[in-house]
Amino acid sequence: MSGLAVLCLLLLQTGAHGFGILRNGESLTHEAITERAVLNVTVQVCRSLAQSEGRDFTFPRQPFTASSVAAACGASKSLKSFIETIQRIQRKNIQTDIIYGLSARRHCDNEELDEGKKIVTDGLSVIKASNKQQNFVSAVENLGRILHTLQDFYSHSNWMEIGHRSPNSNLIKANVRVGNVAAKTRATCQSCNGDDCRNNIRSDILRNNILTSGYFSLVNPFSKPSGKCSHGGGLDSTSLMEPKGGISKDTLDSSHGHLHSQAANMAIAATSELLEDVRSAAGDNAFLEMMGLFKGKPLCFVVDTTGSMGDDIAAVKEVTASIIDSKLGTPDEPSIYVLVPFSDPEFGPLIRTTDPEIFKGYINSLKAAGGGDTPELSLSGLQLALTGAPPNSEIFVFTDAPAKDKHLRNPVIALIEQTKSVVNFMITNVLGIRQQTPGEGNQQQSYRMARADGQLYKDLAQTSGGQAVKVSKSNLLEAIDILTESTSSSLVTLLQASRNPGKTENFTFSVDESVRNLTIYVTGSNVEFTLIDPSGVVQNNVATSGSSVISSQTVGNLHTVKLLTLAGVWEIGIVSKNSYSLKVVGESSIDFLFDFIVESDGPFGGFDVIDNRPTAGGNASLLVTLFGSDSAPVTEVTLVESSGSGQVNGTVEAQGGGQYIVRFDRIPSVEFVVLVKGQNNNGVSRASSGIFQRQSTTSLRASGLTVAVDEYDIVLEPGTLKSVLFSVMTTGEGGRFLIQATNDQNLPLFYPTNLVLSAGGSANGTVNVTAPADTPSGTVITLTVEAVAPGGTDTNYVVLHLTVLPKVTDFTPPVCKQFSPQKRCSKHCDQFMWEVSVQVSDGVNGTGVDSVSLREGSGTMNITTAADNSTLVTYAASCCSSKMQLVAVDQVGNVEICSFSAACWSSRVDYSVLLSFVFTFLKVSL
């Protein structure tokens, strides 16, 4: 059983209303079904890309794991983001049970099969539109939400009992019915024979291929119409009414548990079919990017473009060219390039590309101009970058001015906590004074303002685990070179701390055998430090006999020390009265993910992941996933104060497969990080203890407030008012709570600026927003709603991704029309070529062909546009490669897969090859 599959044990303990928990390793859950399908399809995508690029591809051994698939795809360094993406899909999947456990249509119950299908197809439209705009986080979250409904169809309906051996493709096709659903007045079941429910579906229903599903109610047994089937199980009150029993296949011991394995396998195949449709609409490279699989770390710059930034922009241009040229073709080549310019009153647009030359062009087009007053919209630019860059990105902000938009401080912190991205500030004007201000009083006032703004940047950097580097403009390039030198996706944090005000303190950190490229960063003015290696030798000199220091460098307030990687416990002593930050990083395959979880108060129990801040004032539970080693158990998890020495130790409970639940009797009252320690038994030398430690970069804090929204109501029609209902609840004293709503697209918002709550009470509010009528489909508006307690001592937030989507009226895929191929093939294939010409069109009422790509085939394809706006494709290949496959996609994501060969051709959406592959490996997996 894989580590990700174990998540079901933690997050959904009853399984009463969906594929259930793993029982003796036999029953399959939504989590396991989702993981298997994701891994199966991802392998096929990587194989197809390898073939198109002329590379060899080796299938990983069965059963597939996230680690083996990432390795097969040549993207082992992005294993963390791949696992995190799979977990995000699984999390949104199981939240359907926790949040909407009694919604019949979301579970295909009560014969609401067409209503369930609409949830799937509407969600598919959102996913495809989001992917088209490269808004992959929104796409992934919506993918998880609709997969639960899709999978429940096979567990809750009689599709399996009818005898079907392939998925119901109508579930992912808009504008068609799911099938022949039984009329409300038609009897579908008879009572079970005691505990034997194998034959309780009426024979006429099965014989006539009529679809039905079980009725479910916790408390109202009379909600089931006469003669209808029940879901079944101990929580279903309708199963006690005639006809008694049920037809659920959620687990092996469900009413129809004898069909559980077949239903689970069908759900895997159906999930694979849906993922194939998403893949075809997005393209192979975009699909892998959506799944978090890429070779190198994203490169994200947020750049002040006002008049005084000429030298800074020149340095950004130079370092960009250096990074791209030095990393091109290596495993650390940046996978995604993101640029956000800002000034005042403008910021953006966000530019995101995978093409390094295009990014160079964008960077080289930046010009320093204007400026006016000193403060600029630095936080607006950063907010846009945090929503547009992938999670866990490292973002560099370049400015020489204070922030004009300080009101965005808390929303930016919320996004940092949500994305776990690292933000580094490169500040090139220490006083923040661009022009000489007459008068000593003005100078002093400007100095005080500059110090306050410098502290704002420091606070944001500290929360994210980044650096606030102050350098002269002449030394900026050198400082950027230091911080961007390591762009590896496998970078891990061993230790991070900050002190304000400064104090004398000793810090220790354990280095295990897996760590490479060990580096220490100390940021601060007039900071002295002493380093002691694991053997007890003081290491402050470079290139001396026995020295572990490879290099030491100081630029501005940034001090960097590169070390030989010696396994064991290191110590660094820091002496300074000024504020400082300390960060120790290295490269390693061993890392961890974590989420705070809370026991659900819904009807089906289980655990839910906390998407914002954990609740203060009580105990807490943490879900930790360790990856990168099969023999490195976690032995200790601690919540460590970010700016102090206080810590809270947790009780670690191993769940198997790299999963751990950690329980704490309290949470620190100030900002904290998560520190994980364990024993790395791989390649441990006798001189090494084998102890490893890893630390989260992002600082978190607990809150006595809860802010929530409906995460499923996320579609925003352009030009139409959208009302988002939110709620605020407090566990503490009542009073007037301040409300602030912001968004990354700078759209006007209308909402109550405060809510009055009683002690331990709650209140509701509404945020109204309208996207302009010309907003491109798939644009994601990231809405942050923040509540602040009286006195400003406590705050919490909720982040909602709204997807702009016009009403879809085109449900017909493109059409491929073949012209006669030239058939000149013989048994001597290497001596002959074959050709085919194809016209691709989208019909009179279609939205138009958006893209045509080659899925299979090693020939040459040329694409032109005809006078009638149809797409003309010509393809030529050696007769040794006698088959090819086109993927045609229209503007709204309808897909047609067209297959051709030297001998014959066909045009259809054909998943038979994929499904055959899936079923073959399902037998092996089970």
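Before reading further, recall that the structure is shown in the block above.
Our subject in this report is the structure included herewith. (Residues numbered from 1 in each chain as written. Predicted model: local features only at pLDDT ≥ 70, side-chain atom pairs only at ≥ 80, totals over all residues. Heavy atoms only, no water.)

Here we look at the packing of aromatic side chains
Applying the stated criterion across every chain yields a total of 12 aromatic pairs. Relative to Phe396, the ring of Phe301 has its centre 6.0 Å away and its plane inclined at 75 degrees; by these criteria the two rings are edge-to-face. With Phe301 in strand 1 (residues 299-304) and Phe396 in strand 4 (residues 394-399), this residue pair connects regions lying 95 residues apart in the sequence. The class for Phe396 is buried, based on a relative accessible area of 4%. In textbook terms, an aromatic cluster arises when at least three aromatic residues are bridged by ring pairs, as seen for Phe153, Tyr154 and Trp159. The aromatic ring of Tyr100 is capped on one face by Arg106, whose charged end is 4.4 Å from the ring centroid. Above the ring of Tyr712, the side-chain terminus of Arg145 is found at 5.4 Å from the ring centroid. (Phe/Tyr/Trp six-rings, centres within 6.5 Å; stacked < 30°, edge-to-face > 60°. Helix = DSSP H or I, 4+ residues; strand = E, 2+ residues; numbered from the N terminus. Buried < 20%, exposed > 50% of the residue type's maximum accessible area, 1.4 Å probe, protein only. Lys NZ or Arg CZ within 6 Å of the ring centre and 35° of its normal.)

A look at the sheet that holds strand 7 (residues 491-499)
In spatial order, the strands read 7-14-9-12-11; together these 5 strands make up an open sheet with antiparallel pairing. Pairing within the sheet leaves two strands with one partner each, and these edge strands are strand 7 and strand 11 (549-555). Here the strands of the sheet are splayed against their neighbours by 10 degrees on average, with no regard to which way each runs. Bridging between strand 11 and strand 12 (residues 558-563) involves 6 bridges; their strand directions are antiparallel. Following the sheet pairing, Ser551 is matched in strand 12 by Lys562. (Pairing = 2+ DSSP bridges. Axes fitted to C-alpha atoms, helices over the stretch in contact; angles between N-to-C directions.)

Thoughts on a nonpolar patch on the surface
Judged by side-chain polarity, Ile550, Leu564 and Leu566 come together as a nonpolar surface patch covering roughly 250 Å² of accessible area. With respect to the element layout, Leu566 can be found in the loop between strand 12 and strand 13 (568-575). (Patch = residues over 30% accessible without salt bridge, like charges linked within 9 Å, V, L, I, M, F, W, Y side chains within 5 Å. Areas by Shrake-Rupley, 256 points an atom, 1.4 Å probe, with all protein chains shown as cover. Salt bridge = Lys/Arg side-chain N within 4 Å of Asp/Glu carboxyl O.)

Description of the pairing of strand 30 (residues 762-770)
Alternating residues of strand 30 divide into Ala763, Gly765, Val767 and Val769, all buried, and Ser762, Asn764, Thr766, Asn768 and Thr770, none buried. Two elements, strand 26 (residues 721-730) and strand 30, share 9 bridges in a ladder whose sense is antiparallel. The residue bridging Lys722 from the neighbouring strand is Val769, located in strand 30. Taken together, the 2 bridges between strand 28 (residues 749-750) and strand 30 define a ladder with antiparallel strand orientation. Bridge pairing in strand 30 places Leu749 opposite Val769.

A word on unusual backbone geometry
In the segment running from Asp344 into Pro345, the intervening peptide bond is cis, with an omega of 20 degrees. One can find Pro345 in the loop between strand 2 (337-342) and strand 3 (351-353). In the segment running from Gly348 into Pro349, the intervening peptide bond is cis, with an omega of 5 degrees. Structurally, the position occupied by Pro349 is in the loop between strand 2 and strand 3. One non-glycine residue, Asn110, lies in the positive phi region at around 55 degrees. Along the chain, Asn110 turns up in the loop between helix 4 (79-99) and helix 5 (113-132). Owing to a relative accessible area of 17%, Asn110 belongs among the buried residues under this scheme. Even without a glycine there, the phi angle at Asn209 is positive, about 60 degrees. Among the structural elements, Asn209 can be located in the loop between helix 8 (203-207) and helix 9 (260-282). The class for Asn209 is partly exposed, based on a relative accessible area of 38%.

Let's talk about the pattern of salt bridges
In total, this model carries 34 salt bridges according to the counting rule given. For the salt bridge of Asp114 with Arg177, the shortest nitrogen-to-oxygen distance reads 2.7 Å. Taken as a pair, Asp114 in helix 5 and Arg177 in the loop between helix 7 (159-162) and helix 8 lie far apart in primary sequence, 63 residues in all. The shortest N-O distance in the salt bridge between Lys404 and Asp344 comes to 2.7 Å. Here the residue Lys404 occupies a position in the loop between strand 4 and helix 14 (409-419), and Asp344 occupies one in the loop between strand 2 and strand 3, the gap between them amounting to 60 residues. Accessibility expressed as a relative area gives 18% for Asp344, which makes it buried. Salt bridges here are not isolated pairs; linked through shared partners, they connect Arg91, Lys92, Glu141, Arg145, Asp595, Asp611 and Glu711.

Structural notes on the state of the cysteines
By definition, a disulfide links the sulfur atoms of two cysteine residues through a covalent bond. Here the structure, examined in full by the defined rule, presents 5 disulfides. Shown here is the disulfide that connects Cys189 with Cys229, its sulfur atoms set 2.0 Å apart. Around the S-S axis, the bridge from Cys189 to Cys229 shows a dihedral of about 90 degrees and counts as right-handed. Here Cys189 is found in the loop between helix 7 and helix 8, whereas its partner Cys229 is found in the loop between helix 8 and helix 9, with 40 residues between them in sequence. What pairs with Cys816 in a disulfide is Cys898, and their sulfur atoms sit 1.9 Å apart. Sign of the S-S torsion, about 70 degrees for the bond between Cys816 and Cys898, identifies this disulfide as right-handed. Remark: Cys898 occurs in strand 39 (residues 895-901) and Cys816 occurs in strand 33 (residues 815-822); sequence separation between them is 82 residues. Just as Cys816 is buried, Cys898 falls in that class too. (Disulfide = S-S within 2.5 Å.)

A closer look at the sheet that holds strand 18 (residues 634-641)
Pairing within the open sheet is antiparallel, and its 4 strands lie in the order 19-18-22-23. This sheet does not close on itself; its edge strands, each paired only once, are strand 19 (647-649) and strand 23 (691-695). With strand direction ignored, the average angle separating the axes of adjacent strands in the sheet is 20 degrees. As judged from the 7 bridges shared by strand 18 and strand 22 (residues 672-679), these two strands associate in the antiparallel manner. Within strand 22, the position partnered with Val637 by the bridge is Val676.

Let's talk about the packing of helix 11 (residues 310-327) against helix 12 (residues 356-364)
Packing of helix 11 against helix 12 leaves a shortest axis separation of 10 Å and a crossing angle of 170 degrees. On the basis of the axis angle, helix 11 is roughly antiparallel to helix 12. When helix 11 is examined against helix 12, the residues Val316, Lys317, Thr320, Ala321, Ile324 and Asp325 are found in contact with a partner set consisting of Pro356, Phe359, Lys360, Ile363 and Asn364. Partitioned by chemical class, the residues of the contact of helix 11 with helix 12 number 6 nonpolar, 2 polar and 3 charged. (Parallel < 35°, antiparallel > 145°, perpendicular 65-115°, else oblique. Contact = heavy atoms within 4.5 Å. Nonpolar A, V, L, I, M, F, W, Y, C, P; charged D, E, K, R; others polar.)

Overview of the environment of Val538
Tracing the backbone shows Val538 in the loop between strand 10 (528-532) and strand 11. With 34 residues separating them along the chain, Val538 and Ile572 place their C-alpha atoms 9.5 Å apart. Not counting the four nearest positions on each side in its chain, Val538 is found in contact with Thr530, Leu531 and Ile532.

As for the pairing of strand 4
Most of strand 4 is tucked away, with 6 of its 6 residues classed as buried. Residues Glu394, Phe396 and Phe398 line one face of strand 4 and the alternating positions Ile395, Val397 and Thr399 line the opposite face, and both faces are buried. Sheet topology note: the strand 1/strand 4 ladder contains 4 bridges and is parallel. Its bridge partner lying in strand 4, Val303 is registered against Phe398. Relative to strand 5 (residues 422-427), strand 4 is paired through 6 bridges, and the arrangement is parallel. Across the sheet, residue Val397 finds its bridge partner in strand 5, namely Phe425. For the crossover that starts at strand 4, traverses helix 14 and ends in the parallel strand 5, the hand is right-handed. (Right-handed = clockwise from strand over helix to strand, strands pointing away.)

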